[in-house]
Amino acid sequence: MNDRKNRAPASAASRLPGTRVRFGASGARVTAALLTLAWVGVPLGLHAEPPEPKDSKDSVELDLRLDRPIIRIDSDRQATAPRVTPLHRAYVRLRITARAATATTRHAPLNIAIAVDRTGHEDPEMDAAITEAVQQALESLAPHDVVALVAYSDTVEVLAAAGPPRQAAGIMLRLMAGKGNGALGPNARGANLFGGVAKAAAEVRRHTSHSRVSHVLVISAQPPGLGPQSPNALAQFGASVAREGVGVTVIQTGSPDEPAIRALTVGAGGTFLAVQDAGQVGPAVDETIARLRSVRARDIRVQMSFDGNTPPTRIVGSVGEIARTRVNASWRELRAARTLELIAQVDTDRCVPGSHPFAQAELRYFDVQTNREITVLAPLGVTCALGDTHESHFDFEVATSVSIALGEEAREAARRALGRGDRVEAERVLSVVLKELRDTASAMKHPEIMSVVDDLESELRTLDGLPPGAYRDAP
Amino acid sequence: MTQNTRPRRTLALMLIAMTLIPVALFAILGSRLIDDQEALSRVEATRVFDDRLDTLESAIQTIVRGLERELSRYTETLPEDAAALSEAFRRLPREVDALVLNDEGKLVFPSARGAGTRRETALVDRTRRFVQQGVLGQVARREPVAGVSAADDRGWLSPAIHGTQTFFRWYRKGLRTVFFEIGEVSLASELVMQLPDTPEGAGGDTARPTRTMLLDASGATLYQWGLHEPDVQEAPKSTRVLVQPLAGWRLQHYAPESELSVAYEGTLMTAVWAGLVGLAFILGGCAWLIWVARTREMRVAQQRVSFVNQVSHELKTPLTNIRMYADLLAASLEDDDMEGLGDTDPRQRHLAVIVRESDRLSRLIRNVLNFARSQEERLKVSVRPGRIAPVVEGAVDNHRESLRGLEIAVDLDLSHDPVRVFDADAVEQILGNLISNVEKYARTGHYLGIRLENWPEAPNGQGVRILVRDRGPGIAKEHRERIFEPFWRASDKLSDGVAGTGIGLDIARRLARLHGGDLRLLPSPEGGCLFEAVLATPPPTADYSRKT
């Protein structure tokens, strides 16, 4: 998700139609805002009980909304075969937001393994900066955290098995004394990133639990030279690690972006940081540790169940899976002041006049504050109206989110098509989405949606006038 | 110093040999022992490497069995409905995906029509060519195997998908077969997580730098550990090919050559060197002690010989004077033989005794002096032309009185008497010693025969053989050679009560050998002794003046 997606929900949410539920430390406190859209006279059914949170500081906020509160039914379509048009297409947005951390916010114990590539750099300052950064990271850990230190080259050495960080100084001494081992020999065969991460993950696995934030921090120096090293294989490996609830962050030092290493983080759904200046290593490590400390919820799973007449037809973006009338999505963790978003597309052919239960969201997560599993249900209703309905009934915030997500998805699909050399497909993807967004933009006249349209049109223009296989850089 | 040089050199060489030979033998044996132990050590090290790979293979098999058990639990209650199957398989561990095929090899789950999740759709696309007529379809279409229970009808498949090996664990459940797809990297990561690291963890030998590698079916190294860095050309010391489902995967163990014998070589080499030095020290010490003792004995013996030699020298001058004055006295008595008493004159008889005994003493002294010279390697012969028969007759004449007194008949055959070059004094001394021995030991035979013959086997073809025969008791066969050793006397009645120095035959043999010949005791069928003195005596040349 980009920055626009990750920002905190707008404070104006309360004035928008939809369901907004807050879950506090008790896990039973639900606040639902039932907003009556007086100017259209259509009630929106909200069925969740809204208990007051005991400690709103620890809450995770669930926001479930439709991009339009009224679905128009054309009278002539009642007798005809169902057909899907943009006018009858709706989007449901589920958004989960963690509150910002405060000074008193408890953070989950960390279960972290730091894997350091010891094949080294040409710049000795970079090696020294890495050693210092790891040293500071270890010293910043709390006594109840668990840390392991792994060094890898063409071989892997577990310098410190997973345990309390009190021996950080000793660990670092071993790391520094170990310079020159492995890949630095005359018959060295390159860095075994796969082996290093696997061993680090094995150390993390020994203390994996709901109550801990499990993570592997890789500080890489060289591209992989031993073991599985293709982007595809490393992506598969990253996904395998992530599936066990272990996150991956790679700080690539020295050399620029490395596709195989990036693929590892993409597969794991982790973070990739390229650092070329020794002075940036420390901040990158600190930022990673701070990011891990800001986790508020873990093992987040969402299931949206739709009415049998309005099954979901598509997930916008790469998160989530459709299983018949359900949409499933999961995230490993949610950090403070961050937002997770899931957008499902629904084509409402069979909508009949009146108000209906439309969808229900079930949220499960492990609350780091309370060390408990939390389950929450949030229903969503819809009104189907005959005849003309004013277009201004759109929920501008949700519509904007949908537009941004659709635009990103279209750009990503176009990028993939261009990567394959298929410029025609890239143009087609951009054109289809652009047409839909133009309709929405012309109906809503919303500046952010217009901005997305402008971006896509600019993207499409870079393809115009060029022969197949050629394209301009995006402005 | 020259008098002791030869025996001392001989003794030194003998002691050096006595010391060096055992040390050399010990060194050779020690070297062979080290070689044998090194070979044994290599075998032992290889066995250790094999054991280590066996242990690793067992550990890998244990991991695979654990995965099989884990996957088996997902097949215990297999729902019929595709949605329920999707839900049941949603929580599969790691990157594992599941397919279900019916007994016709058709895909039951996920739906081939693409109604499933994105992940399920991708799985269907990925495995499409293995279903139906592919290997998965073949496994699903099989007739149940007779005698195999449904719970045991399960196994592995490992085809390659898009160039990457993929593993399928399958379970036959009634008319359906469940396939769990596990990627190579996922399986490899599971193994790597539990394999040792570097330096080797628990169970490894951190003191010995080795390298172990895990290679996949394509020969690519997936993971390695150990401090040894083999070069590209180095061959593995041990290899283990893994079995299903990792068929084609290998474990290879590398170690430097020095590690193959390190267990024994150091200690054994030290022990052999210590033994070698100890043995050399002991033998050297013993040789030194023997050297000191023997040289002391030789010095004492030499001092004795030197003393006798000096005494003999001192005796020689007065004896010469005695003889000279005896001769003068005999001449004056002949001049004064006024009464015509002739040989009946008692003074003449007394004087003859003096002359005879002084001659005998002279021979004795000459023997002693020659023996001393031989010990000092100064014994020489001075040759000149002449005939041997007069020398023989002179030697017999010197003993004539005593032979007559002992009633020993003398039989001389001196017909072969050419002019030759020889030392007359030496020949006379040889014969004198032999005749003296006849007087001492063979007087009972009352016979002495001396015969001159040609010696055609002489080195230059010109030689003389002198045969001296008696009819005494003879010499036992086992003593025939020992009688020529100085101071040796047979301890029997033959020599009991007989005075003698024990050096006569030794001197006689040395003199014969200085003539290029020898002195031997020949077998005598008629009894008694038969001595043969052979002398290389060349005929004289015109300008002959050589001295040997």
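Structure's up top.
Quick caveat, the model's predicted, so the values are computed rather than measured.

K.L.:
How should I be thinking about the sheet that holds strand E10 (residues 271-275) of chain A in this particular structure?
P.N.:
Two strands in a sheet stick together by hydrogen bonds in their backbones, pointing the same way (parallel) or opposite ways (antiparallel). All names here are of chain A. With mixed pairing, 6 strands are arranged side by side in an open sheet as E7-E6-E5-E8-E9-E10. Since the sheet does not close on itself, it has two edges, and those belong to strand E7 (156-163) and E10, each with one partner. Here the average twist between neighbouring strands, direction ignored, is 10°. In this sheet, strand E6 (residues 146-152) lies alongside strand E5 (residues 110-117) in parallel orientation, the contact comprising 7 bridges. Pairing of Asp 117 across the sheet is with Tyr 152, part of E6.

K.L.:
Honestly, the interface of chain A and chain B in this entry has me stumped. Any pointers?
P.N.:
The extent of an interface is frequently quoted as the accessible surface area lost upon association of the parts. Counting residues at the interface gives 28 residues for chain A and 25 residues for chain B. Those elements that place two or more of their residues in the side of chain A that touches chain B are E7, helix H4 (193-205), helix H5 (231-243) and strand E13 (321-323) of chain A. In terms of residue class, the side of chain A that touches chain B is built from 13 nonpolar, 9 polar and 6 charged.

K.L.:
Can you help me understand the nonpolar core in this one?
P.N.:
A general trend in soluble globular proteins is that nonpolar side chains are found buried together. In this structure, A:Val92, A:Ala113, A:Ala115, A:Ala148, A:Val150, A:Val197 and A:Val216 are the most contacted members of the largest nonpolar core, which totals 174 residues. Counting 43 residues, the second largest nonpolar core, distinct from the first, contains B:Val381, B:Val392, B:Ala442 and B:Trp455.

K.L.:
Help me out: how do you make sense of helix H10 (residues 447-461) of chain A in this one?
P.N.:
Along an α-helix, residues three or four positions apart point the same way, because every turn accommodates 3.6 residues. Residue and element names in this part refer to chain A. Spanning 15 residues, H10 covers 21 Å between terminal C-alpha atoms, matching the ideal 21 Å at 1.5 Å per step. Along H10, the residues that are buried comprise Ile 449, Val 452, Val 453, Leu 456 and Glu 459. One side of H10 carries all its buried residues, which in axial view fall inside an arc of 120°. Turned more than 90 degrees away from the buried face of H10, the exposed residues are Pro 447, Asp 454 and Ser 458.

K.L.:
Help me out: how do you make sense of the sheet that holds strand E9 (residues 238-241) of chain B in this one?
P.N.:
Residues and elements named next belong to chain B. Taken together, 4 strands build an open sheet; the order of strands is E8-E7-E10-E9 and the sheet is antiparallel. On the outer flanks of this sheet lie strand E8 (221-225) and E9, each paired with one strand and no other. Within this sheet the neighbouring strands show an average axis-to-axis angle of 15°, counted without direction. The pairing of strand E7 (residues 211-215) with E8 spans 4 bridges and is antiparallel. By the bridge assignment for E8, Leu 215 is matched with Thr 221.

K.L.:
Even after reading the chapter, I still don't get unusual backbone geometry, so can you show me in this structure?
P.N.:
Note the cis peptide between B:Phe109 and B:Pro110, where omega equals -5°. If you trace the backbone, B:Pro110 turns up in the loop between strand E2 (107-109) and helix H3 (118-127). The residue after B:Gln244, namely B:Pro245, is reached through a cis peptide bond having omega 5°. Inspection of the secondary structure puts B:Pro245 in the loop between E9 and strand E10 (250-254). A positive phi angle, near 50°, is found at A:Asp299, a position not held by glycine. With respect to the helices, strands and loops of the structure, A:Asp299 is situated in strand E11 (residues 295-306). Non-glycine residue B:Glu407 carries a positive phi angle of around 55°. On the secondary structure map, B:Glu407 appears in the loop between helix H10 (400-405) and strand E12 (409-413).

K.L.:
Can you walk me through helix H8 (residues 396-419) of chain A in this structure?
P.N.:
Taking 1.5 Å per residue as the helical rise, H8(A) with its 24 residues ought to reach 34 Å, and the 34 Å between its terminal C-alpha atoms agrees with that figure. Where H8(A) terminates, the next one or two residues include A:Gly421, which has phi positive at roughly 85°.

K.L.:
Before we go on, may I ask you to explain the packing of H8(A) against H10(A) in this structure?
P.N.:
Each packed pair of helices is defined by two parameters, the angle between the axes and the distance between the axes. All names here are of chain A. With their axes 9 Å apart at the nearest point, H8 and H10 run at an angle of 10° to one another. Taken together, the axis directions place H8 and H10 in an arrangement best described as roughly parallel. On H10, the residues touching Ala 399, Thr 400, Ser 403, Ile 404, Gly 407, Ala 410, Arg 411 and Ala 414 of H8 are Glu 448, Ile 449, Val 452, Asp 455, Leu 456 and Glu 459. Tallied by class, the residues present in the contact of H8 with H10 amount to 7 nonpolar, 3 polar and 4 charged.

K.L.:
I tried to follow the pairing of strand E9 (residues 247-253) of chain A on my own but got confused; where do I start?
P.N.:
Side-chain direction in a regular strand flips from residue to residue, so the side chains alternate between the two faces of the sheet. Residue and element names in this part refer to chain A. The element E9 is extensively covered by neighbouring structure, given that 7 of its 7 residues are classed as buried. Burial along E9 is two-sided: Gly 247, Thr 249, Ile 251 and Thr 253 facing one way and Val 248, Val 250 and Gln 252 facing the other are all buried. Relative to E9, strand E8 (residues 213-220) runs parallel, the two being bridged by 6 bridges. When the bridges of E9 are listed, Ser 220 appears paired with Gln 252. For the handedness criterion, the β-α-β arrangement of E8, H5 and E9 is classed as right-handed. Note that E9 and E10 share 5 bridges and pair parallel. For Thr 249, the partnering residue across the bridge sits in E10 and is Thr 271. Note on the crossover from E9 through helix H6 (residues 259-268) to E10: the handedness is right-handed.

What counts and how
- Residues numbered from 1 in each chain as written.
- Chains lettered and ligands numbered in written order.
- Predicted model: local features only at pLDDT ≥ 70, side-chain atom pairs only at ≥ 80, totals over all residues.
- Pairing = 2+ DSSP bridges.
- Helix = DSSP H or I, 4+ residues; strand = E, 2+ residues; numbered from the N terminus.
- Axes fitted to C-alpha atoms, helices over the stretch in contact; angles between N-to-C directions.
- Contact = placed C-beta atoms within 7 Å.
- Nonpolar A, V, L, I, M, F, W, Y, C, P; charged D, E, K, R; others polar.
- Core = buried A, V, L, I, M, F, W, Y, C linked by C-beta atoms within 7 Å.
- Buried ≥ 20, exposed ≤ 12 C-beta atoms within 10 Å, placed from the backbone.
- Expected span 1.5 Å × (residues − 1).
- Arc of directions from axis to C-beta.
- Parallel < 35°, antiparallel > 145°, perpendicular 65-115°, else oblique.
- Right-handed = clockwise from strand over helix to strand, strands pointing away.

Geometric descriptors of this kind do not, in isolation, establish any biological role.
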